[in-house]
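# Summary of the model geometry
Okay, here's what each chain looks like letter by letter:
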Amino acid sequence: MGWQFRGLFTSKLSKSDISIRILFQMFPEGSPNDSVQKYIPSVITYSPESLAKIPAIKLPDYFDLQPKSRRSKKERSSREKILPPELEDNSMSSNAYYRQQLANSNLVFSPRKLGFLPANYWIAEENTFGSLVTQFFQKKNNSNCRFPHKLYNGLVLVEANPEMYPLVGLKWITDTVFKVDKYIFGRLLGITSINGGLVHSQGNFPSHGFKELNNEEVMALKMKYSLKDVDMDRVLLMKQSSGMFSKNCKEETLAQCKWTD
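A brief report on the enclosed structure follows. Keep in mind it's a predicted model, so treat the numbers as computed, not measured. (Residues numbered from 1 in each chain as written. Predicted model: local features only at pLDDT ≥ 70, side-chain atom pairs only at ≥ 80, totals over all residues. Heavy atoms only, no water.)

### What about the overall build of the chain?
- The helix and strand tally for the chain stands at 12 helices and 9 strands.
- Counting over 261 residues, the chain shows a buried share of 41%.
- In the chain, of all internal contacts separated by at least 6 residues, the share reaching a separation of at least 24 is 52%.
- When the accessible area of the chain is evaluated, it comes to approximately 15700 Å², of which 50% is carbon and sulfur surface. (Helix = DSSP H or I, 4+ residues; strand = E, 2+ residues; numbered from the N terminus. Buried < 20%, exposed > 50% of the residue type's maximum accessible area, 1.4 Å probe, protein only. Contact = heavy atoms within 4.5 Å. Areas by Shrake-Rupley, 256 points an atom, 1.4 Å probe, with all protein chains shown as cover.)

Here is the structure:
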């Protein structure tokens, strides 16, 4: 009969110490694989620093003396949104052009002068397009940054700067009817599931009282305006059911466009 070292087991005590249980087992000499007849556990406490000096012992991952660096919350939140595959083309509304303009430091606007709502939210005199996207259009909804605010301000931006339509996807047609390219506008808001997030029954448009114009209404407007791109699938004509949402609506009007079941 003889004693032989059979194993080393570790367990966590705290951030600074670990417990080492050394297990010896007794078995007949010459038959190391026979059934264990007896064991004697021994518990010794080491600091990770002293334990690391013992070559034969490998520290558990949670006592890594040189932990892997983790990305900060800010770095994780700045990860690029998934862009609509429908916009992977060579047009002015393409994802490539959109990425380019997000980084364009010369594409600058003054939300206060444009009349963005709510008025007291816009303190900075000027904002780049990229900062408007990350700090407003794709910001989590709150009292100053609700869906009606994002919709209205997007329309205001394009009304004053028509060349921004390929990046915003919104345009006033009449005082109460607007055109929306659901892929471009969904991209602006950072929505991954665009149909579900915008136009389906629980999407942002229906839930805030907006509805698509029917065939007759669309045909009537097509006789007055250039609306060749309106296909009632990707590009839609919409209005607020009660007519309260318009070019000249005020903050108190937007407050009435609330989420409804």
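Moving on from the model shown.
### A closer look at the sheet that holds strand β7 (residues 178–181)
- Strand order in the open sheet formed by 4 strands is β6-β7-β9-β8, with antiparallel pairing between adjacent strands. Of all strands in the sheet, those bounded by a partner on one side alone are β6 (170–172) and β8 (210–212). Pairwise comparison of adjacent strand axes, ignoring direction, gives a mean angle of 35 degrees for this sheet.
- Note that β8 and strand β9 (residues 235–240) share 3 bridges and pair antiparallel. The partner of Lys211 across the bridge, within β9, is Lys239. (Pairing = 2+ DSSP bridges. Axes fitted to C-alpha atoms, helices over the stretch in contact; angles between N-to-C directions.)

### Brief notes about the side chain of Thr174
- For Thr174, the location among the structural elements is in the loop between β6 and β7.
- On the basis of relative accessible area, Thr174 is assigned to the buried category, the value being 18%.
- Among the polar contacts made by the side chain of Thr174, one reaches the main-chain amide nitrogen of Val177 at a distance of 2.9 Å.
- With residues up to four places along the chain from it excluded, the contact list for Thr174 reads Leu221, Tyr225 and Lys247. (Polar contact = N/O pair within 3.5 Å; in protein donor to acceptor, adjacent residues only side chain to side chain.)

### Describing the environment of Leu213
- Checked against the element boundaries, Leu213 lands in the loop between β8 and α11 (215–222).
- On the accessibility criterion, Leu213 (5% relative accessible area) is buried.
- Along the primary structure Leu213 and Met232 are separated by 19 residues, whereas in three dimensions their C-alpha atoms are 8.7 Å apart.
- Contact partners of Leu213, with chain neighbours within four places excluded, come to Val177, Val218, Leu221, Met232, Leu237, Met238 and Lys239.

### Here's the deal with the nonpolar core
- With 54 residues, the main nonpolar core has Leu151, Phe178, Phe185, Phe205 and Phe245 as its most contacted residues.
- At 7 residues, the largest contribution of residues to this core is made by helix α6 (residues 147–160).
- Sequence-distant contacts of Phe245, that is, excluding residues within four places in its chain, are made with Pro148, Leu151, Tyr152, Leu155, Trp172, Asp175, Thr176, Phe178, Phe210, Gln240 and Leu254. (Core = buried A, V, L, I, M, F, W, Y, C linked by side-chain atoms within 4.5 Å.)

### Observations regarding the packing of helix α3 (residues 95–102) against helix α5 (residues 129–137)
- Between α3 and α5, whose axes approach to 7 Å, the crossing angle comes to 95 degrees. By the angle between their axes, α3 is roughly perpendicular relative to α5. Residues Tyr98, Gln101 and Leu102 of α3 pack against Phe129, Gly130 and Val133 of α5. (Parallel < 35°, antiparallel > 145°, perpendicular 65-115°, else oblique.)

### Structural notes on the pairing of β7
- Side chains Phe178 and Val180 project from β7 onto one buried face, and the interleaved Lys179 and Asp181 project onto a second face that is buried too.
- Inspection of the sheet shows β6 paired to β7 by 3 bridges, in the antiparallel sense. Paired with Trp172 across the two strands is Phe178, which belongs to β7.
- Linking β6 to β7, which pair antiparallel, is a turn of 5 residues.

### Some words on the pairing of β9
- Judged by how many residues are buried, β9 sits mostly within the fold: 5 of 6 residues are covered.
- The sheet contact formed by β7 and β9 spans 4 bridges and is antiparallel. Bridging from a neighbouring strand, Val180 pairs with Leu236 of β9.

### Some remarks on the environment of Leu167
- On the secondary structure map, Leu167 appears in helix α7 (residues 165–168).
- Leaving out residues up to four positions away in the same chain, Leu167 has contacts with Tyr97, Tyr98, Gln101, Leu107, Phe129, Ile184, Arg187 and Leu188.

### Quick notes on the packing of aromatic side chains
- According to the stated counting rule, one finds 17 aromatic pairs in the structure shown.
- Seen from their ring centres, Phe116 and Trp122 are 5.2 Å apart, and the 80 degrees between their planes marks the pair as edge-to-face.
- Judged by relative accessible area, which is 7%, Trp122 ranks as buried.
- With 5.0 Å between their ring centres and 85 degrees between their planes, Phe210 and Phe245 make a pair best called edge-to-face. On the criterion of sequence distance, the pair formed by Phe210 in strand β8 and Phe245 in the loop between β9 and α12 (251–255) is long-range, its members being 35 residues apart.
- The buried category is assigned to Phe210, whose relative accessible area is 4%.
- Overall, the relative accessible area of 0% leaves Phe245 in the buried class.
- Put simply, the rings of Phe147, Tyr152, Trp172, Phe178, Phe185, Phe205, Phe210 and Phe245 touch in pairs and so form one group of aromatic residues.
- Directly above the ring of Tyr165 sits Lys179, whose terminal nitrogen or CZ lies 4.8 Å from the centroid. (Phe/Tyr/Trp six-rings, centres within 6.5 Å; stacked < 30°, edge-to-face > 60°. Lys NZ or Arg CZ within 6 Å of the ring centre and 35° of its normal.)

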